[in-house]
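# Observations on the model geometry
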Amino acid sequence: ARDGLMVALLAARPLRKSNFARSAIGRHLVPLDDGYLLTFERHETKTHRPFEVPVPDRLVAPLTTYLEHIRPMLLGNEVHTRLWVNLNGTPMAPHHLYQRIVRATEELVGVPIPPHAFRHCAATSIAVDDPAHVRIGATLLGHATFTTTERHYNQAQSLEAGRDWQRTLDGLRRSHSRCRQPTRKG
C-alpha cells in the first residue's frame, strides 16, 4: 500500500527525489479541510523558489488511509514526522525510497521506473496529450523557466513512448478499479 501510494503520488506530482523522500507531515504535507498541500520553501528547492501544489483529489482518500492506519503501524514506537516510513519505523532514506519505487513500478507495470523518470514522463505526456498547455510542465516540475522543462524533460519527440506511458497509467487505474470491486458469491 505504501509503495503503490508513492508511485501514484509521484505520477501525479513528480517531485524531485530529495523533496519527496524528506517530506514531513505538517511541514511539507499540510492537511487542508478538503485534502492536502505539498509545499516546500525556497531553501528546500533546487531552483531556490517556493513550490506548492495540491495533492490530487483522487489521492486524498488513499493518503488519508496511509496517514491514519498504515503509517502508524509502520512507526511502532518510533516518533517522527517524515511521511515515508520503513518497515522498522525509521524515516525512509532517499536511496531506499528509490529502490522501493523502482521495485514497485517493475511489479506494477513490468518496467523499473526510477523516481526522476516520473518528471520526464509528466513533461512529455503534457506535450503529447495537451500541447496547447505544454508550458504548465514548468509549473508542475517547479522549474524557474519553461526552457529548462523543454530542454531537459520534454521528450515529446518520442511520441510513442509518451502514449505508452499514458496507456500504462490508464491500465493501472482500470486494473486497480477492478481489484476494488466486490465479488458476488453465488
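Structure: above.
Since the structure is predicted, the reported quantities are computational estimates derived from the model, not experimental observations.

### Description of the overall build of the protein chain
When its secondary structure is counted, the protein chain shows eight helices and three strands. Traced from its N-terminal end to its C-terminal end, the protein chain shows the element sequence α-α-β-β-β-α-α-α-α-α-α. Looking at the protein chain as a whole, 42% of its 186 residues qualify as buried. A fraction of 54% describes how many contacts in the protein chain between residues 6 or more apart in sequence connect residues 24 or more apart. Counting every atom, the protein chain has about 11,000 Å² of accessible surface; 53% of that belongs to carbon and sulfur.

### Details of the nonpolar core
In this structure, F20, L63, Y66 and W84 are the most contacted members of the largest nonpolar core, which totals 36 residues. Looking at this core, the elements that each hand over two or more residues are α1 (2–12), α2 (17–21), β2 (35–40), β3 (51–54), α3 (57–75), α4 (94–109), α5 (117–129) and α8 (159–180). Ranked by the residues each element gives to this core, the list is headed by α3, at seven residues. L63 has contacts with L5, L29, Y36, V55 and L83, leaving out every residue within four places of it along the chain.

### A short note on the environment of M6
Within the secondary structure layout, M6 lies in helix α1. Distance from M6 to L63, taken between C-alpha atoms, is 9.5 Å for residues 57 residues apart in sequence. Residues in contact with M6, not counting those within four places in the same chain, are F20, W84, M92, L97, R100 and I101.

### Description of empty space enclosed by the protein
For the structure shown, the criterion picks out one cavity of 30 Å³ or more. Forming the boundary of the largest cavity are V7, T105, L108, V109, I113, W165, L169 and L172. Looking at the lining of the largest cavity, the elements with two or more residues in it are α4 and α8. Here the lining of the largest cavity is composed, by residue class, of seven nonpolar, one polar and no charged.

### Structural notes on the packing of aromatic side chains
On inspection of all chains with the given rule, the structure shows two aromatic pairs. Relative to W84, the ring of F20 has its centre 5.3 Å away and its plane inclined at 35°; by these criteria the two rings are tilted. Taken as a pair, F20 in helix α2 and W84 in the loop between α3 and α4 lie far apart in primary sequence, 64 residues in all. Just as F20 is buried, W84 falls in that class too. Between Y66 and W84, the aromatic rings sit 5.3 Å apart at their centres with planes inclined by 40°, giving tilted as the arrangement. Taken together, the residues Y66 in helix α3 and W84 in the loop between α3 and α4 connect sequence positions 18 residues apart. For W84, a relative accessible area of 0% corresponds to the buried category. The structure contains a cluster of three or more aromatic residues connected by ring pairs, namely F20, Y66 and W84.

### Some details on the packing of α1 against α4
For any two helices packed against each other, one specifies the crossing angle of their axes together with the interaxial distance. Two elements in contact, α1 and α4, have axes whose closest approach is 9 Å; the angle formed by their N-to-C orientations is 90°. Between α1 and α4, the angle falls in the class roughly perpendicular. Where α1 abuts α4, its residues R2, D3, M6, V7 and L10 lie against L97, R100, I101, A104, T105 and L108. A breakdown of the residues in the contact of α1 with α4 according to their chemical character gives seven nonpolar, one polar and three charged.

### Points about the pattern of salt bridges
Considering all chains together, one arrives at four salt bridges under this definition. With its nearest N and O atoms 2.8 Å apart, the salt bridge here joins R2 to D3. We note that R2, like D3, is buried. A salt bridge links E44 to R27, with the nearest nitrogen and oxygen atoms 2.5 Å apart. Linking E44 in the loop between β2 and β3 with R27 in the loop between α2 and β1 (29–32), this pair joins segments that are 17 residues apart in sequence. The class of R27 is partly exposed, set by a relative accessible area of 46%. A single network of salt bridges, built from pairs that share partners, joins R2, D3 and R100.

What counts as what
Residues numbered from 1 in each chain as written. Predicted model: local features only at pLDDT ≥ 70, side-chain atom pairs only at ≥ 80, totals over all residues. Heavy atoms only, no water. Helix = DSSP H or I, 4+ residues; strand = E, 2+ residues; numbered from the N terminus. Buried < 20%, exposed > 50% of the residue type's maximum accessible area, 1.4 Å probe, protein only. Contact = heavy atoms within 4.5 Å. Areas by Shrake-Rupley, 256 points an atom, 1.4 Å probe, with all protein chains shown as cover. Core = buried A, V, L, I, M, F, W, Y, C linked by side-chain atoms within 4.5 Å. 1 Å grid on protein atoms, 1.4 Å probe; cavity = no way out; pocket = protein on both sides within 12 Å on 5 of 7 lines; lining within 4 Å. Points joined across faces, edges and corners; volume = space filled by probe spheres on them. Nonpolar A, V, L, I, M, F, W, Y, C, P; charged D, E, K, R; others polar. Phe/Tyr/Trp six-rings, centres within 6.5 Å; stacked < 30°, edge-to-face > 60°. Axes fitted to C-alpha atoms, helices over the stretch in contact; angles between N-to-C directions. Parallel < 35°, antiparallel > 145°, perpendicular 65-115°, else oblique. Salt bridge = Lys/Arg side-chain N within 4 Å of Asp/Glu carboxyl O.

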